[in-house]
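Close look at the chain arrangement
Spelled out, the chains give:
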There are 2 protein chains.
Amino acid sequence: MAMASFDISLELASVAGYDAALKEAQTHLDATMKSGIELLSIPGQTSDIDAAQKVVDGWCDKTSDVAVLGIGGSSLGGQALKTALEAFGRKGARVSFHDNPDPFSWEHFLKTADLKTTRFVVISKSGGTAETLMQALSAADVFDRLGASQYLKYHFAVVTEPKDSPLLKFARAIDCPVLDHPTGIGGRYSVLSVVGALPALLMGIDVKALRAGAAETLAEPSRAAEGAALHFALAQAGRLDQTVLWAYADRLSTLQGWWRQLWAESLGKDGKGSTPVGAVGPVDQHSQLQLFRDGPGKSLYTLLSTDMKGHGPAAPSKRAASLGIDYLAGKTMGDLVDAEVRATAKTLARNGRPVRRIHMPTIDARSVGALMMHFMLETIVMGRLMGVDPFDQPGVEEGKVLAREYLAG
Amino acid sequence: MAMASFDISLELASVAGYDAALKEAQTHLDATMKSGIELLSIPGQTSDIDAAQKVVDGWCDKTSDVAVLGIGGSSLGGQALKTALEAFGRKGARVSFHDNPDPFSWEHFLKTADLKTTRFVVISKSGGTAETLMQALSAADVFDRLGASQYLKYHFAVVTEPKDSPLLKFARAIDCPVLDHPTGIGGRYSVLSVVGALPALLMGIDVKALRAGAAETLAEPSRAAEGAALHFALAQAGRLDQTVLWAYADRLSTLQGWWRQLWAESLGKDGKGSTPVGAVGPVDQHSQLQLFRDGPGKSLYTLLSTDMKGHGPAAPSKRAASLGIDYLAGKTMGDLVDAEVRATAKTLARNGRPVRRIHMPTIDARSVGALMMHFMLETIVMGRLMGVDPFDQPGVEEGKVLAREYLAG
């Protein structure tokens with residue numbers, strides 16, 4: 001039997017209502033698995049990867065930089081994949097994500113980029129995202145002003161739904177490649193689709209392994225029901241103002257941005273929801289642990305780790321001994337982190353905080369795909385338990401309308 | 001009269017208990033200002049900057065990279081200053097902060113750094129921080145193995161308290177420069193001291209202006225009492241599970257990491273406290289706004305902005321019109337962000353969320369220094385109102401002890 005991509009263990013006293021919640025969660029999970037939502041079919045697809053690969057192949061030799069333009073679900077998944085899976089010191093095009101529309105950062109990028117070898121991937125499901133259109137149009141404007149409009153088609157690729165929109169019009173006007181954003185998958189659930197796959201391919205990430213990992217979770221999805229039930233039982237008991245994802249590895253530190261949107265936007269509605277908080281370990285032991293251990297403590301703490309013992313540079317024994325820090329002598333940095341994640345879990349649990357540990361022996365495309373699908377299922381089931389729709393986001397419209405008014409005024 | 005470094009305005013209905021809280025907060029603020037704590041004297045100091053400048057001058061020509069080793073309060077302030085104040089595309093040494101002890105990241109850094117032109121600034125108040133010592137010793141080990149131990153003194157500088165500790169022993173053993181960490185200032189309040197000033201000088205940041213801004217706040221500190229009173233009144237009313245600092249500028253996006261430690265570690269104790277949450281705008285409108293507007297809403301939302309109107313690249317009118325997005329035609333990216341921050345504030349307020357806006361017309365050393373001192377005073381006064389000690393962190397010791405046990409076992 002293949003080793004699991006990740007293990008889950010709990011360090012907590014019993015949570016009232018867990019058994020009942022789990023039963024209900026399993027029912028919702030079963031219903032979700034049978035629901036035919038498009039998310040579930042993504043791991044089995046290949047033709048969309050082939051289409052994305054064509055774009056990558058077309059760009060391969062003459063590309064120094066790829067700027068991914070998109071916001072929210074059009075960017076956070078790709079960012080998570082980059083941090084987790086792009087090889088250290090990899091040769092090849094530099095892929096950067098431009099999600100926040102900061103005028104000074106963007107101006108600096110456009111001024112300093114070598115546009116002859118820079119490509120732009122523009123991602124917007126609706127094709128009408130103001131921030132992304134502003135980026136794409138201002139980038140295209142640089143080409144236009146240089147009299148290079150005819151080359152735009154070699155420098156842009158667009159990912160959007162196959163229906164009339166400003167972005168699709170733009171793509172047609174410049175005649176650049178267009179990849180279809182799945183119509184049945186919202187941005188925050190789209191990382192395994194072409195939305196995450198195109199940037200991943202550009203970064204040399206094994207997208208097939210990513211999807212194989214996701215398929216592994218779909219084949220054995222029950223832990224998603226357990227995770228949702230745990231959250232729900234805590235919420236019902238008034239013990240879930242926040243849920244903390246604490247990653248003990250730099251490679252997992254960006255995954256949280258993706259997960260934060262997934263949790264916040266799927267579940268924060270109808271006066272319900274809990275705030276997803278990202279933490280990084282060990283560093284946040286020196287920043288957030290005081291609050292987590294001794295504050296109100298209405299949170300679940302999920303500590304995410306990988307095998308580190310024996311890895312990394314070591315503190316040389318002789319020098320350590322001479323400084324009076326024998327406890328570090330000959331220990332590697334990985335030994336230290338391994339001890340710290342265990343100590344933090346134990347410390348929180350001793351102080352009555354519910355702790356869940358998720359351990360991924362290896363961080364690779366397969367395990368990351370498995371974990372991402374796990375979090376997506378867990379979120380969907382949590383939404384069902386809470387009685388909210390995990391797929392809509394009605395609360396963001398008001399601000400968009402108001403921003404257009406202010407922009408016009 | 002000089003323009004204020006930042007303006008504060010509120011968009012919220014009246015908060016029950018605010019007036020009484022404010023009166024009490026003013027008393028605590030007055031007491032703090034008269035307390036003689038070392039933090040208050042930092043803006044008036046110069047000799048410590050001169051000492052730091054000597055280190056910088058000694059390194060100036062032959063330095064490509066400076067790696068700042070430190071964790072928590074020994075790093076987050078410097079990181080905030082880098083993002084906020086280092087000039088885009090600045091020539092000079094690349095200053096990087098290595099706070100999280102990840103074995104794979106650190107190994108990669110040591111393997112790829114050009115050690116001949118790399119310097120290490122090692123910061124630990126106590127001089128006994130395990131993670132930082134591990135970094136320093138493993139870096140020194142590379143020199144030792146190359147038979148270059150005699151050059152260590154040119155490559156390291158140490159910031160620590162003037163008392164016996166492993167780090168001070170290390171500095172003496174290699175004979176490198178040592179700068180005194182103020183004994184009366186904890187890490188999370190140390191950004192304006194040499195702890196932040198040495199990295200700032202290395203990045204070409206005007207430390208005197210930074211301190212002048214802090215002095216400006218000390219001269220007119222009353223807004224810190226108002227901010228603390230607002231938080232406290234909300235907490236008393238059961239409306240402060242979180243407090244959100246939402247920065248509408250890339251340059252202010254790292255300030256939150258510093259502020260999160262300040263708030264969490266100062267106030268999260270005795271079962272009290274609120275979780276500091278960082279958000280970045282406009283990007284988090286596409287990630288967190290749904291939850292912030294429609295979730296439980298037990299939070300204060302502080303929107304932090306700067307002048308952006310008219311700045312940055314624009315969407316060209318002709319192309320915007322041809323795509324059917326006239327509302328963007330001729331608008332700059334700064335116009336869009338300006339409209340969005342106003343719209344977000346209004347949307348949250350309309351939905352009954354308390355909103356505070358802090359607007360810094362200019363992000364420069366003076367305004368950042370003023371704002372940082374404001375947040376420090378606000379936190380101290382909040383601690384006094386809550387009846388907790390804003391200067392201790394008793395909850396982090398247990399995990400340290402346990403980690404040493406696990407490391408030995």
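Keep in mind that this is a model prediction, so the values were computed, not measured. (Residues numbered from 1 in each chain as written. Chains lettered and ligands numbered in written order. Predicted model: local features only at pLDDT ≥ 70, side-chain atom pairs only at ≥ 80, totals over all residues.)

**Description of the domain arrangement of chain A**
Residue and element names in this part refer to chain A. So the rule is basically this: Domain delimitation follows an automatic or database domain assignment. Residue pairs are scored as contacts if the distance between their C-beta atoms, which are placed from the backbone, is within 7 Å. Secondary structure counts use DSSP, requiring at least four H or I residues in a row for a helix and at least two E residues in a row for a strand, with both numbered from the N terminus. In this count, Pro and Cys sit with the nonpolar residues alongside Ala, Val, Leu, Ile, Met, Phe, Trp and Tyr, while Asp, Glu, Lys and Arg are called charged and the others, Gly among them, polar.
Taken domain by domain, chain A holds domain 1 (7-35 + 211-392) and domain 2 (39-205). If you average the C-alpha positions of domain 1 and of domain 2, the two centres end up 30 Å apart. At the junction of the two partners, domain 1 supplies 23 residues and domain 2 supplies 19 residues. Elements with a minimum of two residues in the side of domain 1 that touches domain 2: helix 9 (207-219), helix 11 (255-267) and helix 15 (365-386). Top element by residues in the side of domain 1 that touches domain 2 is helix 11. It accounts for seven residues. Looking at the side of domain 1 that touches domain 2 residue by residue, the classes come out as 14 nonpolar, six polar and three charged.

**Regarding the relation of the copies chain A and chain B**
Just so we agree on the cut-off: Least squares is used to superpose the copies, and the fit set is the C-alpha atoms of residues whose pLDDT is at least 70 in both copies.
If you rotate chain A by 180° and push it 0.0 Å along the axis, it lands on chain B with an RMSD of 0.0 Å. Here the two chains are linked by the operation of a two-fold rotation axis. A share of 100% of the interface residues of chain A reappears at the interface of chain B, consistent with the copies meeting face to face through the same patch.

**What about the sheet that holds strand 4 (residues 118-123) of chain B?**
Adjacent strands of a sheet pair through backbone hydrogen bonds, lying either parallel or antiparallel. All names here are of chain B. Worth spelling out the cut-off: A strand pair is defined by DSSP finding two or more bridges across the two strands. Fitted lines through C-alpha atoms serve as axes, helices being fitted only where they are in contact, and the angles separating the N-to-C directions of these axes extend from 0 to 180 degrees.
Taken together, the five strands give an open sheet; going across it, the order is 3-2-4-5-6, and neighbouring strands pair in parallel fashion. The strands lining the two open edges of the sheet, one partner per strand, are strand 3 (94-98) and strand 6 (178-180). The sheet shows a mean angle of 20° between the axes of neighbouring strands, direction not considered. Sheet analysis places strand 4 next to strand 5 (residues 156-160), joined by four bridges and oriented parallel. Each bridged residue has a counterpart across the sheet, and for V121 the counterpart in strand 5 is A157. Its contacts with the sheet put helix 7 (residues 166-174) on strand 4, strand 5 and strand 6, and the angle it makes with strand 5 is roughly 150°.

**Section: the pairing of strand 5 of chain B**
All names here are of chain B. Applied cut-off: The burial label depends on the number of other C-beta atoms within 10 Å of a residue's C-beta. Counts of 20 or more mean buried, 12 or fewer mean exposed, and intermediate counts mean partly exposed, with C-beta atoms placed from the backbone. Crossover handedness is defined by viewing with both strands directed away from the observer: a clockwise path from the first strand over the helix to the second marks the crossover as right-handed.
Of all five residues making up strand 5, five are buried, and the element is well covered by its neighbours. The two faces of strand 5 match: F156, V158 and T160 on one face and A157 and V159 on the other face are all buried. Pairing analysis gives three bridges linking strand 5 to strand 6, with the strands arranged parallel. Bridge assignment links V158 to a residue of strand 6, and that residue is V178. Assessed by its sense of winding, the connection that carries the chain from strand 5 through helix 7 to strand 6 is right-handed.

**Thoughts on the pairing of strand 8 (residues 275-280) of chain A**
Residues and elements named next belong to chain A. Burial runs high along strand 8: six of the six residues are buried. The alternating pattern of strand 8 places T275, V277 and A279 on one face and P276, G278 and V280 on the opposite face, and all of these are buried. Pairing geometry for strand 7 (residues 242-247) and strand 8, over six bridges, is parallel. Along strand 8, the bridge assignment pairs L245 with G278. Once you follow strand 7 into helix 11 and on to strand 8, the crossover reads as right-handed.

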